[in-house]
Structures are given as structure tokens and as C-alpha cells.
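The chain contents come next:
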Amino acid sequence: MMDTPLSQQLNIIIPAYRMHTQTFMNVLDGISEADASKRIAGRTNHVIWIAGNFVNMRYGLARVLGADEKDPHDDLFFQGKSLDESFNYPTLAELKANFHKISPLAYGALLTINDARLNAQFPLNMEISFFQETVLNFIGMCIGREDYLCGQLGLMRRILDYPGVKYDVDDHIKY
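Just so it is clear, the structure is predicted and the values come from calculations on it, not from any experiment.

Visitor: With reference to specific residues and values, describe the overall build of the protein.
Guide: Assigned secondary structure in the protein consists of seven helices and zero strands. In terms of overall dimensions, the protein is globule-like: its C-alpha atoms have a radius of gyration of 16 Å, near the 16 Å expected for 175 residues. Across its three principal directions, the C-alpha atoms of the protein cover 45 × 40 × 30 Å. Of all 175 residues assigned to the protein, the portion counted as buried reaches 45%. Across the protein, every contact between residues at least 6 apart in sequence was considered, and the portion connecting residues at least 24 apart equals 71%. Carbon and sulfur atoms provide 53% of the accessible area of the protein, an area that totals close to 9,400 Å². Side-chain charges in the protein split into 16 positive and 21 negative, and the spacing between the mean points of these groups amounts to 3 Å.

Visitor: Before we move on, could you go through helix 3 (residues 47-64) and cite the residues and values that matter?
Guide: With 18 residues, helix 3 extends 26 Å between its outermost C-alpha atoms, agreeing within 8% with the 26 Å of an ideal straight helix rising 1.5 Å per residue. Taken from the residues just after helix 3, Gly 66 is the one with a positive phi, measuring 110°.

Visitor: Can you explain the packing of helix 1 (residues 13-28) against helix 5 (residues 92-112)? Please cite residues and give values.
Guide: Orientation of helix 1 relative to helix 5, taken along the N-to-C sense of each, is 170°, at an axis distance of 11 Å. By the criterion of interaxial angle, the relationship of helix 1 to helix 5 is roughly antiparallel. Seen from helix 1, the contacting residues are Ile 13, Ile 14, Tyr 17, Arg 18, Thr 21, Phe 24, Met 25 and Leu 28; seen from helix 5, they are Leu 92, Lys 96, Phe 99, His 100, Ser 103, Ala 106, Tyr 107, Leu 110 and Leu 111. Residues belonging to the contact of helix 1 with helix 5 are distributed by class as follows: 12 nonpolar, three polar and two charged.

Visitor: Account for the pattern of salt bridges, with residues named and values stated.
Guide: Scanning the entire structure with this criterion turns up four salt bridges. With a closest N to O distance of 2.7 Å, Arg 58 and Glu 146 form a salt bridge. Here Glu 146 lies in helix 7 (residues 135-159) and Arg 58 lies in helix 3, a separation of 88 residues in the sequence. Like Arg 58, the residue Glu 146 is buried in the burial classification.

Visitor: Provide a residue-level description of the nonpolar core, including the pertinent values.
Guide: Grouped burial of nonpolar side chains is what soluble globular proteins tend to show. Ranked by internal contacts, the top residues of the largest apolar core, which has 53 residues, are Leu 10, Val 47, Leu 61, Leu 110 and Ile 139. Ranked by residues supplied to this core, first place goes to helix 3 with 12 residues. Setting aside its immediate chain neighbours within four residues, Leu 10 contacts Pro 5, Leu 110, Ile 113, Leu 118, Leu 136 and Ile 139.

Criteria and thresholds
Residues numbered from 1 in each chain as written. Predicted model: local features only at pLDDT ≥ 70, side-chain atom pairs only at ≥ 80, totals over all residues. Heavy atoms only, no water. Helix = DSSP H or I, 4+ residues; strand = E, 2+ residues; numbered from the N terminus. Rg over C-alpha atoms; globule rule 2.2 N^0.38 Å. Buried < 20%, exposed > 50% of the residue type's maximum accessible area, 1.4 Å probe, protein only. Contact = heavy atoms within 4.5 Å. Areas by Shrake-Rupley, 256 points an atom, 1.4 Å probe, with all protein chains shown as cover. Lys, Arg positive; Asp, Glu negative; His and termini not counted. Charge placed at Lys NZ, Arg CZ, Asp CG, Glu CD. Expected span 1.5 Å × (residues − 1). Axes fitted to C-alpha atoms, helices over the stretch in contact; angles between N-to-C directions. Parallel < 35°, antiparallel > 145°, perpendicular 65-115°, else oblique. Nonpolar A, V, L, I, M, F, W, Y, C, P; charged D, E, K, R; others polar. Salt bridge = Lys/Arg side-chain N within 4 Å of Asp/Glu carboxyl O. Core = buried A, V, L, I, M, F, W, Y, C linked by side-chain atoms within 4.5 Å.

Given below as C-alpha cells:
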């Protein structure tokens, strides 16, 4: 059963957010720590970088929605910061733990935000004529970014010779 958000504007966001939670866990399922830091032909981002960006997106969303939590790895991932092989990246286990810490907070905030706050201006300085810079549109951009990152993770799974992602749902996870 889907939780009902205070704002009907989020009726499409809530199921997408919850499905991304499931997909993120499924796409990382079984990937070893060693494989998570491999790049392909020195040209791709590794799974750690992609997953770290996903988790950082959740922290960013939570902060915009009022949570007082900061990604402990913000310096590595904020705004899709480029992969730098000289950096010491966290483990996949650390990223998963951070994901499970922040995701329920962001989800709770999505359920309780009101229309006035959703429609508030949120300057991103993108200067795109067809994009109103509001909190609601920022949330939509976060959902789109999560889709993109899950797709990259799914492709890396296959490149690293793991089975394709399964779309099983764990009903015990409520965020």
C-alpha cells in the first residue's frame, strides 16, 4: 500500500522514490567490494562513485526538505563531482549504511511537505527557459538523477559479469 503524501503534487513521486529504493538495493546486490571499485578501460566511473552519487542525491533531497543531515562523503560526491582516483572512497557497505540512514528521513519529508513549500522558489541557477526553479521541480530532478544512476549501475553489473538486476520488492522496506 502506498503512503499518501500531504501534497497531491507528490502522488507520482512517492511510488517512484520507493521503487528507486528497491532498485538501488537490487542493483548493488551481490557486487563485491573489489568489483565495486573497478573502472572499465580506465574510462568509466566505478560502482562506488555511482552509488555514492545516488546516496549523495538522497542527502541533498533530505536537506532541501528540512532534514539536518549531511552526507559524510559530501566532499567526494556533491553535485556529481568527478571521480578522482587519488581520493579514498568509502566502501560499498558504508554507502549502503548511509543510504538506509538518510532514505527514511527524505521519505518522511516527502510525505509531509505542503504545497506552499513545494511551490517555493529554489534557485539552481540553471537558466533553462522551460524549467521553473522550485522545490517541486528540484524533487523531480532528483528522481530523474536516481533513474540515471540506477541505469548506470545496471550496466556496470552486466559489464562486471553479474546477472542482470532483478526487480524484486522487499515489502518490509517502507521508504
